[in-house]
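Summary of the model geometry
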Amino acid sequence: MEKALTGNTFNIQRFSTEDGPGIRTTVFMKGCPLRCKWCHNPEGIAPHPQLLWYDVRCIGARDCLDACPNAALALSPGGMRIDRDACQACGDCADACPAGALELIGKSWTVDALVQEAARDTIFYEESGGGVTVSGGEPLMQAEFTIQFLAACQALGLHTALDTSAFAPRDKLEKALAHANMALVDMKNMDPAAHKDFTGVPLEPILDNLKLIGQWGRPVWIRTPIIPGHTDSPDNIASIAAFISEHLPNCERYDLLAFSNLCISKYQRLGMEFTFEQTPLLDPERFANLRETAIANGVKNVITSGMTARKDQDA
């Protein structure tokens, strides 16, 4: 018997209202080819499961140490040390921990099982005009699974959205778009050298794929994370807006996403460095001016969101 295709997720977020229209279930696929220095979901970068330790839950029972078959854990007064070269993410330590202080991020699903999970909230999709969004990481790192999942959701009559970096082989993108009712795409920096430096990948393939999405004819939302010193220049926003105006006639909205440092704890739990730990939030006036810049360069529906936007609106 042929083995069923499986995919690896790091989160399933229900009742999402920011990843497409209506109330949605967002499926976050593990694995990403980009290495954005500001990534808000670092647990989505690696394609394989990863072990996280929560210091606030740990009661020092040490059952995890005995359970680990590779001696990858060491607990001291300074906290848990995870030897990630030795750790095989088997999950034995997490199962043994009585306090739930260890958690394995990365769950394997068959297409059918994940569709059933997403379809649990069909009533909310129907009432709100929502549906299912596949995000990441980069969902096209697991292209065949993503394509089959989108197709199966559509076969049930569910509205589907593909949330992608657009850094993917063109044929895989085209096959995924064939089963998506809309797309959400990040545009980060229009300077090729800066884009390569900040994300680790070249800009040109992304722009080529965005032009393809522009010819696709279905609704698109474009997003730009506004990162101080990296994507927050008026010239960058003007260039992105001009590209949208010229190549993406199907763009329904352009989202400016305010920088946040709330992901610091994720980096700590993964043993990774977050280079923006001391970076202050955006100035609300500057953020508002970037919105006006986008509008002045031809984009009509510009949405601001995030902590800075809320402060600005509350003022």
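Residues numbered from 1 in each chain as written. Predicted model: local features only at pLDDT ≥ 70, side-chain atom pairs only at ≥ 80, totals over all residues. Heavy atoms only, no water.

Quick word on the overall build of the protein
To be explicit about the condition: Counting from the N terminus, the helices are DSSP H or I runs at least four residues long and the strands are E runs at least two residues long. Areas reported here follow the Shrake-Rupley algorithm with a probe of radius 1.4 Å; residue values treat only the protein chains shown as occluding. Positive charges are assigned to Lys and Arg, negative charges to Asp and Glu, while His and the chain termini are left out of the count. All charge positions are set by atom: Lys at NZ, Arg at CZ, Asp at CG, Glu at CD.
The secondary structure content of the protein amounts to 12 helices and 13 strands. Dimensions of the protein, computed from C-alpha atoms along their principal axes, come out at roughly 60 × 50 × 35 Å. Total accessible area on the protein is roughly 14700 Å²; 50% of this is exposed by carbon and sulfur atoms. Charge centroids of the protein, computed over 28 positive and 39 negative side chains, lie 1 Å from each other.

Things to note about the confidence of the model for the protein
In plain terms, the rule: On a range of 0 to 100, pLDDT expresses the predictor's confidence in each residue. Throughout, a contact is declared for two residues whenever any of their heavy atoms are within 4.5 Å.
Counting all residues, the mean pLDDT for the protein is 94, and 97% of those residues have values of 70 or more. The low-confidence segment residues 310-315, where pLDDT is below 50, has 4 contacts with residues more than four positions distant or belonging to other chains.

Quick word on the side chain of T164
Condition: Only protein chains enter the calculation, and the probe is 1.4 Å; a residue is then buried if its accessible area is under 20% of its type maximum, exposed if over 50%, and partly exposed in between. Under the rule applied, a polar contact is a pair of N or O atoms within 3.5 Å (in protein, one hydrogen donor and one hydrogen acceptor; residues adjacent in sequence only if both atoms are side-chain atoms).
In this structure, T164 sits in strand β9 (residues 159-164). Exposure remark for T164: the relative accessible area of 3% places this residue in the buried category. A distance of 2.9 Å separates the side chain of T164 from the backbone nitrogen of A166, its partner in a polar contact.

Re the packing of aromatic side chains
To keep things clear, this is the line we draw: Within 6.5 Å between ring centres, the rings of Phe, Tyr and Trp (the latter by its six-membered ring) count as paired, and their orientation is classed by plane angle as stacked under 30 degrees, edge-to-face over 60, tilted in between. Note on geometry: a ring has a charge over it if NZ (lysine) or CZ (arginine) is within 6 Å of the ring centre and within 35 degrees of the ring normal.
Under the counting rule described, the total for this entry stands at 6 aromatic pairs. Aromatic side chains Y267 and F274 sit 4.7 Å apart centroid to centroid with 35° between the ring planes, which places their arrangement in the tilted category. For the residue pair Y267 and F274, the accessibility class agrees, reading buried in each case. Connected via pairs of aromatic rings, a cluster forms that spans F259, Y267, F274 and F276. A cation over a ring is seen here: R57 above Y54, with NZ or CZ 3.9 Å from the ring centre.

Remarks on a nonpolar patch on the surface
In plain terms, the rule: Patch members must show over 30% relative accessible area and no salt bridge, and they are joined within 9 Å when carrying like charges or within 5 Å when they are nonpolar side chains of Val, Leu, Ile, Met, Phe, Trp or Tyr. When a carboxyl oxygen of Asp or Glu is within 4 Å of a side-chain nitrogen of Lys or Arg, the pair counts as a salt bridge.
A cluster of nonpolar residues, F15, I123 and F124, forms a patch on the protein surface that exposes about 280 Å² of accessible area. Looking at the secondary structure, you find F124 in helix α4 (residues 122-128). We classify F124 as partly exposed; its relative accessible area is 34%.

Side note on the packing of helix α3 (residues 111-119) against helix α5 (residues 143-155)
Our working rule: Orientation is described by lines fitted to C-alpha atoms, with helices fitted over the stretch in contact, and by angles between N-to-C directions that extend from 0 to 180 degrees. Roughly parallel refers to an angle under 35 degrees, roughly antiparallel to one over 145, roughly perpendicular to one between 65 and 115, and oblique to any angle outside these ranges. Left-handed describes a crossing whose near helix is turned anticlockwise from the far helix by less than a right angle; the clockwise case is right-handed. Classes in brief: Ala, Val, Leu, Ile, Met, Phe, Trp, Tyr, Cys and Pro nonpolar; Asp, Glu, Lys and Arg charged; the others, Gly included, polar.
Closest axis-to-axis distance for the α3/α5 pair is 10 Å, and the angle between their directions is 45°. As the angle between them shows, α3 and α5 are arranged oblique. When the axes of α3 and α5 are compared, the crossing they make is right-handed. Between α3 and α5, the contacting residues are V111, L114, V115 and A118 on the first element and F145, Q148, F149, A152 and C153 on the second. Partitioned by chemical class, the residues of the contact of α3 with α5 number 8 nonpolar, 1 polar and no charged.

A short note on the pairing of strand β2 (residues 24-29)
The cut-off we apply is this: Note on pairing: two strands pair once DSSP finds at least 2 bridges between them.
Of all the 6 residues making up β2, 6 are buried; the element is thus mostly covered by neighbouring parts of the structure. The two faces of β2 match: R24, T26 and F28 on one face and T25, V27 and M29 on the other face are all buried. With 5 bridges connecting them, strand β1 (residues 6-16) and β2 associate as antiparallel partners. Across the sheet, the residue bridging to S16 is R24, located in β2.

Comments concerning the environment of D208
Note that D208 resides in helix α8 (residues 204-216). Relative accessible area serves as the criterion here: at 44%, D208 is assigned to the partly exposed category.

Quick word on helix α6 (residues 170-177)
Here is the rule we go by: Along the arc lie the directions from the helix axis toward the C-beta atoms.
Here α6 has its buried residues at L173, A176 and L177. Seen end-on, α6 carries its buried residues on one side only, within an arc spanning 100°. Residues of α6 that are buried make contact with α5, β9, β10 (182-186) and α8.

Thoughts on unusual backbone geometry
Glycine aside, residues mostly have negative phi, and peptide bonds are mostly found in the trans state. The step from G136 to G137 runs through a cis peptide bond, and the omega angle for that step is 20°. A positive phi angle, near 60°, is found at F15, a position not held by glycine. Counting through the fold element by element, F15 comes out in strand β1. Positioned with a positive phi, A166 is a non-glycine residue whose angle comes to about 70°. Mapped onto the fold, A166 is located in the loop between β9 and α6.

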